[in-house]
Amino acid sequence: DGRLTFYPGNQTVDLPFINFMKRYGTVFLNAYTNSPICCPSRAAMWSGLFTHLTESWNNFKGLDPDYVTWMDLMEKHGYRTQKYGKLDYTSGHHSVSNRVEAWTRDVDFLLQQEGRPMVNLTGDRKHVRVMEADWRNTDKAVNWIKEEAINLTQPFVLYLGLNLPHPYPSPYAGENFGSSTFLTSPYWLEKVTYEAIKIPKWSSLSEMHPVDYYSSYTKNCTGKFTKQEVRNIRAFYYAMCAETDAMLGEIISALRDTGLLERTVVIFTADHGELAMEHRQFYKMSMYEGSSHVPLLVMGPGVKEQQQVQNVVSLVDIFPTMLDIARIPVPQNLSGYSLIPLLRGKAENEASPREPRPSWVLSEFHGCNVNSSTYMLRTGKWKYIAYSDGRSVLPQLFDLSDDPDELTNVAMKFPVIVHSLDKILRSIVNYPKVSASVQEYNKRQFMSWKQSLGQNYSNVIANLRWHQDWLKEPQKYENAIDKWL
């Protein structure tokens, strides 16, 4: 959650290396994902293109494996490149459940698709390495810096992808389970100030926006949660962020020990945030700040120190920025803009040869746990969220300066602003048309999947992540799908 990287969010948890990057570099106060879910977000970051252009509609559909990323271009221009850890930007990964839930989101049914969010404390006060796979990848990256990078005559780019802070799988929910367990050890939990944890306000279920209600229901969050449960989920999430920060620290320390820190640009960001029980949801897939607002910190040669940038920026800006750092010509067709002028503390008008950076960012979502294509335009103090064809589902408008917790939808109150923001949104993306093509894609994909299963279809579909609900009335849900098709 990007808000943790600047005041007041960082009062809840000690993040020493994020703070180190703030002191010696630049923090972006308004950085957003271009799609609040793993694969589509990463597809945008690696390609520099908006989601409707990559057509990365869900966690199963990303870029082609041979897509030319900014890292490929840097390698072509003489950089030594190395990747460790989670990449997740190409098509074909993630579970069958994930796919089928995304394809069937227009079906007229409500099924819980996730385990109920819960916490799990493991180990003791000495247990530091909770997420072992991430630590192994961090060790690999550290060794590469100390053994390879130090001896290179050419410039290098190293990418380390971490899984934390991501909820862990929840086996108690059956074999086809989601990831709804917030897991940490006492070592990390001690870094969290419980008193500083805000318990988010919730609207009553009957007052929720229909899309929010669907998300809350499918994410198994509509039941009763005590204040203590909510506080614990948030505390464990912050503890997982502290563990992530320590991995960042290993990289910074390795660069410092090898004398490379002074001449290396370090960028820390995320594919999306985590709602951690804000708006009666956990996970991502939402345009609310907890899910769509990402951290973005940069330090290194030429980067202004102790700078806070207010401009709205997003992950598609990484592509042109990386090429700019490497002095490689930036392709013209990108959705993003180089961050270098902002990082140097220059005024926009002294900026790059391209037309000036727009005053808005775009995020969109077409995957599971949300029963409509969603489009978010963030500009100035406003966040405008449009759904589907722009008519069948009411939009949302939040004034973030007045209502940072996004509790009051003021779309009805400011029709003129809604009209003007919708006009800007439509000039960037013909969203009713995109929504319709996603609906077609979902139906097509589902039908070919169904045909591939033949006689086995009823059994397979009943036993996906929604099995606990589905098996109560399997015929009813199969009929709803047939009606949709």
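Here is a short report on the structure shown in this document. (Residues numbered from 1 in each chain as written. Predicted model: local features only at pLDDT ≥ 70, side-chain atom pairs only at ≥ 80, totals over all residues. Heavy atoms only, no water.)

Taken as a whole and assessed by the stated rule, the structure comprises 23 aromatic pairs. Clustering of aromatic rings is evident, with ring pairs tying together Phe109, Trp466, Trp470 and Tyr477. Looking at Lys191, its charged tip hangs above the ring of Tyr187, at a distance of 4.7 Å from the centre. Note that Lys284 overlies the ring of Tyr283, its terminal NZ or CZ placed 4.4 Å from the centroid. (Phe/Tyr/Trp six-rings, centres within 6.5 Å; stacked < 30°, edge-to-face > 60°. Lys NZ or Arg CZ within 6 Å of the ring centre and 35° of its normal.)

Okay, the packing of helix α1 (residues 16-24) against helix α9 (residues 227-257) next. Viewed as axis vectors pointing N to C, α1 and α9 meet at an angle of 55°, and their least axial separation amounts to 7 Å. In terms of axis orientation, α1 runs oblique to α9. When α1 is examined against α9, the residues Pro16, Phe17, Ile18, Phe20 and Met21 are found in contact with a partner set consisting of Asp245, Ala246, Leu248, Gly249, Ile252, Ser253 and Arg256. (Axes fitted to C-alpha atoms, helices over the stretch in contact; angles between N-to-C directions. Helix = DSSP H or I, 4+ residues; strand = E, 2+ residues; numbered from the N terminus. Parallel < 35°, antiparallel > 145°, perpendicular 65-115°, else oblique. Contact = heavy atoms within 4.5 Å.)

So, on to the environment of Ile199. The residue Ile199 is located in the loop between α7 (186-189) and α8 (210-218) in this model. Of the residues examined, Ile199 reaches a relative accessible area of 25% and is grouped as partly exposed. Remark: the alpha-carbon pair of Ile199 and Trp135, spanning 64 residues in sequence, is separated by 31 Å. Ignoring any residue separated from it by four or fewer positions in sequence, one finds Ile199 in contact with Lys227, Val230 and Arg231. (Buried < 20%, exposed > 50% of the residue type's maximum accessible area, 1.4 Å probe, protein only.)

Once that is clear, we can look at the nonpolar core. Counting residues in each nonpolar core, the largest one holds 76 residues, and the members touching the most others are Met21 and Leu255. Broken down by element, this core gets its largest block of residues, 17 residues, from α9. In contact with Leu255, other than residues within four places in its own chain, are Ile145, Phe156, Leu260, Leu261, Thr264 and Val266. (Core = buried A, V, L, I, M, F, W, Y, C linked by side-chain atoms within 4.5 Å.)

Where burial is concerned, the two faces of strand β8 (residues 296-299) agree: the one with Leu296 and Val298 and the one with Leu297 and Met299 are both buried. As paired elements, strand β1 (residues 25-32) and β8 share three bridges and run antiparallel to each other. Bridging from a neighbouring strand, Gly25 pairs with Met299 of β8. As paired elements, strand β7 (residues 266-269) and β8 share four bridges and run antiparallel to each other. Its bridge partner lying in β8, Ile267 is registered against Val298. (Pairing = 2+ DSSP bridges.)

Attention now goes to empty space enclosed by the protein. Where empty space is left in the structure can be found by rolling a water-sized probe over the atoms. Per the stated rule, a full pass over the model turns up two cavities of 30 Å³ or more. If you add up the space inside the largest cavity, you get close to 90 Å³. Together, 13 residues line the largest cavity, and Asp212, Met285, Ser286, Met287 and Tyr387 are the ones closest to its centre. Per-element tally for the lining of the largest cavity: the top contributor is α8, with three residues. Considered class by class, the residues forming the lining of the largest cavity number seven nonpolar, five polar and one charged. Space inside the second largest cavity adds up to approximately 70 Å³. Lining the second largest cavity are 13 residues, and of these Ser314, Asp317, Ser335, Pro358 and Trp360 lie nearest its centre. Counting residues per element, the ones that place at least two in the lining of the second largest cavity are β9 (307-314) and β10 (360-365). A per-element tally of the lining of the second largest cavity places β10 first, with three residues. Considered class by class, the residues forming the lining of the second largest cavity number eight nonpolar, three polar and two charged. (1 Å grid on protein atoms, 1.4 Å probe; cavity = no way out; pocket = protein on both sides within 12 Å on 5 of 7 lines; lining within 4 Å. Points joined across faces, edges and corners; volume = space filled by probe spheres on them. Nonpolar A, V, L, I, M, F, W, Y, C, P; charged D, E, K, R; others polar.)

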